[in-house]
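This is what each chain is made of:
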Number of protein chains: 4
Amino acid sequence: MRIGVIGCSDCGAKEAELARETGRIIALQKHILICGGMGGVMEEACRGAFENGGVTVGILPGDDEKDSNRYLTAAVPTGMGKARNILVVKASDALIAIGGWYGTLSEIAFALNIGKPVVGLNTWECGIGGRKAGLIEAASPGKAVEKAVKAVSGQFREKR
Amino acid sequence: MRIGVIGCSDCGAKEAELARETGRIIALQKHILICGGMGGVMEEACRGAFENGGVTVGILPGDDEKDSNRYLTAAVPTGMGKARNILVVKASDALIAIGGWYGTLSEIAFALNIGKPVVGLNTWECGIGGRKAGLIEAASPGKAVEKAVKAVSGQFREKR
Amino acid sequence: MRIGVIGCSDCGAKEAELARETGRIIALQKHILICGGMGGVMEEACRGAFENGGVTVGILPGDDEKDSNRYLTAAVPTGMGKARNILVVKASDALIAIGGWYGTLSEIAFALNIGKPVVGLNTWECGIGGRKAGLIEAASPGKAVEKAVKAVSGQFREKR
Amino acid sequence: MRIGVIGCSDCGAKEAELARETGRIIALQKHILICGGMGGVMEEACRGAFENGGVTVGILPGDDEKDSNRYLTAAVPTGMGKARNILVVKASDALIAIGGWYGTLSEIAFALNIGKPVVGLNTWECGIGGRKAGLIEAASPGKAVEKAVKAVSGQFREKR
């Protein structure tokens, strides 16, 4: 399964720890980690995966591989700027959002819009007219990966 | 100025009224209306503009012009699916969000992410860690257009 | 019908004349002119259409309307760079290529790849293994528009 | 270095052999192979690389990994259809075109348009007004990889 990890390129210590642990668990469970390839949450998640033998793919905003983090199995420069967020979502079966700001919100919203599950760890809460956006809440990286996998399996079941 | 109007393709009577009035004011002030070209809020806004001599551009998700609303000066099929939301944002100087659901949320987030002003009429509220997303609130279509124009003018001033 | 006119942003006098006359005929026949919105062939075609009451749409590579030609009913900034060529093709029912260089070749190829008719006026010739690319040749702007319209009508017939 | 290999998803025996040998050499020289992830030339190139310990990335037109070939280290679904050709080019430092049809021509043209070197093995020849498109010809897979690497190194030198 391909799990996207999304969050700020400039994150605090708490988010960094959550991201690295999430990456580690993704790798140990033999999933592929998809991300935006930059620093912060993306880098920490990749590091956690990379150091545990995982495969990591970074879909970069720019044209140049050099602007990516050091823990990528494969860098995919797109030259699309922040619009590459859409490709991070498209390339993932499910997403785990850790903290984040507007870029992360755009990925959460686009994922929900095309029906991909999003698990949140200390991330955005959004509502309109009394209804809340359908993020799946998780209390830890372990739970987040578990819920992401479960949500995708559930989708496969529904399709049959 | 190009003003994007975003919202659901399947909207209620209240949103329809807000959208049509917003379109009317955009046209009377000689702005160009940008939207996703489909029904609901998009159609009502286009209708309001079109019937008042305005220019309306619909950036369509599909490949076929036939799936658009009837009030478009120019339809731009993209074949990009919901990823065309990004182009609606790119093509607008400022956006007015009326109600909406996940697609609208993705447009709001992408606009904020690339620094475009978004004015909200009965739309999403989002927060993270005590901070709120920077939408500009407006109480009426007239105020929404006024604030959108002001926000863009302010940006131009800042650039100098 | 939407007819795309493609060619260099920096063209010679002969191409400029062909482009302006092509734009004029498109407008007189009440078709919408789609192009990349910049100078050269794009500007001359738009001018020919605009001065004859036509509707012209420019799909811009950059983020800013100011970098477009002056003869656009609607400018659609995309921020996608040269990748916006794909949108010029997607938004057109048929294309007329006038001269051009690599950008024009990419549009011709992408159009042929997704099955859109391309009419050529003094443009690229391409071949592989003895086969030639399927451009429709035309000897004048009038013939080019005529053949573009015919090719699209033929497609509609085939679909039924 | 990332080397893109482009060609038809439905290729003949000669092209298959060229593609597999090209993939093998890319892997042995520790380059990363980028491609469109489907069958034919793409699959054979991936197979050649994969069986020799190489890293292969497939940028898929569809939304589903299942529609890709079996020799990918990482599949990146895009849901962009044939427009994903642009991402194959963006993600590669240089490209090797083997045979091919319109899709390959669109990739060659887009690469030349944004200044990426393209090496051709039995592929398209294009000309306009007496000038030929600037593909680098190669007589064998070994020469093709050598020339691709050299072209990119030359670009780096020029930039300094």
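The structure we're discussing is the one just above.
What counts and how
- Residues numbered from 1 in each chain as written.
- Chains lettered and ligands numbered in written order.
- Predicted model: local features only at pLDDT ≥ 70, side-chain atom pairs only at ≥ 80, totals over all residues.
- Heavy atoms only, no water.
- Helix = DSSP H or I, 4+ residues; strand = E, 2+ residues; numbered from the N terminus.
- Rg over C-alpha atoms; globule rule 2.2 N^0.38 Å.
- Buried < 20%, exposed > 50% of the residue type's maximum accessible area, 1.4 Å probe, protein only.
- Salt bridge = Lys/Arg side-chain N within 4 Å of Asp/Glu carboxyl O.
- Pairing = 2+ DSSP bridges.
- Least-squares fit on C-alpha atoms with pLDDT ≥ 70 in both.
- Contact = heavy atoms within 4.5 Å.
- Phe/Tyr/Trp six-rings, centres within 6.5 Å; stacked < 30°, edge-to-face > 60°.
- Lys NZ or Arg CZ within 6 Å of the ring centre and 35° of its normal.
- Buried area = accessible area lost by both parts, 1.4 Å probe.
- Polar contact = N/O pair within 3.5 Å; in protein donor to acceptor, adjacent residues only side chain to side chain.
- Axes fitted to C-alpha atoms, helices over the stretch in contact; angles between N-to-C directions.
- Nonpolar A, V, L, I, M, F, W, Y, C, P; charged D, E, K, R; others polar.
- Expected span 1.5 Å × (residues − 1).
- Core = buried A, V, L, I, M, F, W, Y, C linked by side-chain atoms within 4.5 Å.

1. Overview of the overall build of chain A
Stage number 1. Within chain A, the secondary structure is distributed over five helices and nine strands.
Stage number 2. Going from N to C terminus, chain A has its helices and strands arranged as β-α-β-α-β-β-α-β-α-β-β-β-β-α.
Stage number 3. In terms of overall size, chain A behaves like a compact globule, its C-alpha atoms giving a radius of gyration of 14 Å where 160 residues would be expected to give roughly 15 Å.
Stage number 4. Along the longest, intermediate and shortest principal axes, the C-alpha atoms of chain A span 45 × 35 × 30 Å.
Stage number 5. The proportion of buried residues among the 160 residues of chain A is 60%.

2. Some points on the pattern of salt bridges
Stage number 1. Taken as a whole and judged by the stated rule, the model has 32 salt bridges over all chains.
Stage number 2. B:Asp63 is the salt-bridge partner of C:Lys90, the closest N and O atoms lying 3.5 Å from each other. Placement of C:Lys90 in helix α3 (residues 85-90) and of B:Asp63 in the loop between β3 (56-60) and β4 (74-77) is noted, with the two residues assigned to different chains.
Stage number 3. Exposure remark for C:Lys90: the relative accessible area of 10% places this residue in the buried category.
Stage number 4. On the basis of relative accessible area, B:Asp63 is assigned to the partly exposed category, the value being 48%.
Stage number 5. Close ionic contact of D:Arg47 with D:Glu51 constitutes a salt bridge, the shortest N to O distance being 3.2 Å.
Stage number 6. Note on D:Glu51: relative accessible area 49%, which makes it partly exposed.
Stage number 7. Among the charged side chains, a salt-bridge network with shared partners connects A:Arg2, A:Asp93 and D:Glu65.

3. Quick word on the sheet that holds strand β8 (residues 131-132) of chain B
Stage number 1. Read across the open sheet, the four strands follow the order β8(A)-β7(A)-β7(B)-β8(B); overall the sheet is antiparallel. The open sheet is flanked by β8 (131-132) of chain A together with β8 of chain B, the only strands paired with a single partner.
Stage number 2. Across three bridges, the pairing between strand β7 (residues 125-128) of chain A and strand β7 (residues 125-128) of chain B is antiparallel. Bridge assignment links A:Gly127 to a residue of β7(B), and that residue is B:Glu125.

4. Considerations on the relation of the copies chain B and chain A
Stage number 1. Under the fitted operation, chain B is carried onto chain A by 0.0 Å of movement along the axis and a turn of 180°, and the coordinates agree to an RMSD of 0.0 Å. Each copy turns onto its partner about a two-fold axis. Proximity to the rotation axis, assessed at the C-alpha, singles out B:Cys126 in chain B; its C-alpha lies 2.1 Å from the axis.
Stage number 2. Comparing interface residues between copies, 100% of those in chain B also lie at the interface in chain A; the contact surface is shared.

5. A look at the packing of aromatic side chains
Stage number 1. Applying the stated criterion across every chain yields a total of 16 aromatic pairs over all chains.
Stage number 2. On the numbers, 5.1 Å between centres and 25° between planes, the contact of B:Trp101 with B:Trp124 is stacked. Taken together, the positions of B:Trp101 in the loop between β5 (94-98) and α4 (102-113) and B:Trp124 in the loop between β6 (118-121) and β7 put the pair 23 residues apart, joining distant regions of the chain.
Stage number 3. On the basis of relative accessibility, which here comes to 24%, the residue B:Trp101 falls in the partly exposed class.
Stage number 4. What links up through ring pairs into an aromatic cluster is the set A:Trp101, A:Tyr102 and A:Trp124.
Stage number 5. Here B:Arg131 stacks its cationic end above the ring of A:Trp101, 4.2 Å away from the centre of that ring.

6. Concerning the interface of chain C and chain D
The extent of an interface is frequently quoted as the accessible surface area lost upon association of the parts.
Stage number 1. With 27 residues of chain C at the interface, the matching set in chain D holds 27 residues.
Stage number 2. Contact between chain C and chain D buries roughly 2,200 Å² in total, counting both sides, with carbon and sulfur atoms accounting for 70%.
Stage number 3. Among the residues chain C hides against chain D, the three largest losses belong to C:Tyr102, C:Asn113 and C:Ile128. Together they make up 28% of the total.
Stage number 4. Inspection of the chain C/chain D interface yields zero salt bridges.
Stage number 5. Counting across the interface, chain C meets chain D through eight residue pairs in polar contact (both at pLDDT 80 or more).

7. A word on the side chain of A:Thr56
Residue and element names in this part refer to chain A.
Stage number 1. Looking at the element boundaries, Thr56 is found in strand β3 (residues 56-60).
Stage number 2. Using a relative accessible area of 0% as the deciding quantity, one classes Thr56 as buried.
Stage number 3. Discounting residues that sit within four places of it in the chain, Thr56 has contacts with Leu33, Cys46, Ala49, Phe50, Tyr71, Leu72, Thr73 and Ala74.

8. What about the relation of the copies chain C and chain D?
Stage number 1. Rotating chain C by 180° and moving it 0.0 Å along the rotation axis overlays it on chain D with an RMSD of 0.0 Å.
Stage number 2. Looking at the interface residues of chain C, 100% of them are also at the interface in chain D, so both copies use one shared face.

9. Topic: the sheet that holds strand β4 (residues 74-77) of chain A
The strands that make up a sheet pair up through hydrogen bonds in the backbone, lying either parallel or antiparallel.
All names here are of chain A.
Stage number 1. Taken together, the seven strands give an open sheet; going across it, the order is β4-β3-β2-β1-β5-β6-β9, and neighbouring strands pair in parallel fashion. At either margin of the open sheet sits one strand with a lone partner, and together these are β4 and β9 (136-137).
Stage number 2. With four bridges connecting them, β3 and β4 associate as parallel partners. Within β4, the position partnered with Leu60 by the bridge is Pro77.
Stage number 3. Along the sheet face, helix α1 (residues 13-28) touches β1 (2-6), β2 (32-35), β5 (94-98) and β6 (118-121) and points at about 155° away from the line of β5.
Stage number 4. Contacting β1, β2, β3 and β5, helix α2 (residues 41-50) runs over the sheet at an angle of about 165° to β2.

10. Remarks on the interface of chain B and chain A
Stage number 1. Taken together, the contact between chain B and chain A spans 27 residues of the former and 27 residues of the latter.
Stage number 2. The interface formed by chain B and chain A contains eight residue pairs in polar contact (both at pLDDT 80 or more).
Stage number 3. Of all the secondary-structure elements, those providing two or more residues to the side of chain B that touches chain A are α3 (85-90), α4, β7 and β8 of chain B.
Stage number 4. A total of eight residues in the side of chain B that touches chain A trace back to one element, the largest contributor, which is α4(B).
Stage number 5. A per-class count over the side of chain B that touches chain A returns 13 nonpolar, ten polar and four charged.

11. Here's the deal with helix α1 (residues 13-28) of chain D
Residue and element names in this part refer to chain D.
Stage number 1. Taking 1.5 Å of rise per residue, 16 residues should cover 22 Å, and α1 covers 23 Å from first to last C-alpha, within 8% of that figure.
Stage number 2. Restricting attention to buried positions, one finds in α1 the residues Ala16, Leu18, Ala19, Thr22, Gly23, Ile25, Ile26 and Ala27.
Stage number 3. Downstream of α1 by a residue or two, Lys30 has a phi angle that is positive, lying close to 65°.

12. Digging into the environment of D:Ala94
Residue and element names in this part refer to chain D.
Stage number 1. Looking at where Ala94 falls in the secondary structure, it is placed in strand β5 (residues 94-98).
Stage number 2. Distance in space between the C-alpha atoms of Ala94 and Pro117 is 5.1 Å, their sequence separation being 23 residues.
Stage number 3. Once you skip the residues sitting within four places of it in the chain, Ala94 turns out to touch Met1, Arg2, Ile3, Gly4, Pro117, Ala148 and Val152.

13. A look at the nonpolar core
Stage number 1. The biggest cluster of nonpolar side chains holds 112 residues, and the ones touching the most others in it are A:Trp124, B:Trp124, C:Trp124 and D:Trp124.
Stage number 2. Not counting the four nearest positions on each side in its chain, D:Trp124 is found in contact with C:Cys126, C:Gly127, C:Ile128, C:Ala133, D:Gly99, D:Gly100, D:Trp101, D:Tyr102, D:Leu105, D:Ile108 and D:Leu135.

14. Let's talk about the environment of B:Val119
Residue and element names in this part refer to chain B.
Stage number 1. Mapped onto the secondary structure, Val119 falls in strand β6.
Stage number 2. For Val119, a relative accessible area of 0% translates into the label buried.
Stage number 3. With sequence-adjacent residues up to four places away left out, Val119 is seen in contact with Leu95, Ile96, Ala97, Ile136, Ala138, Ala144, Lys147 and Ala148.

15. So, helix α4 (residues 102-113) of chain C
All names here are of chain C.
Stage number 1. The end-to-end C-alpha distance of α4, which contains twelve residues, comes to 16 Å, matching closely the 16 Å that a straight helix rising 1.5 Å per residue would cover.
Stage number 2. The element α4 is largely enclosed, with a buried count of twelve among its twelve residues.
Stage number 3. Buried residues of α4: Tyr102, Gly103, Thr104, Leu105, Ser106, Glu107, Ile108, Ala109, Phe110, Ala111, Leu112 and Asn113, and no others.
Stage number 4. Directly after α4, the chain includes Gly115, whose backbone phi takes a positive value near 80°.

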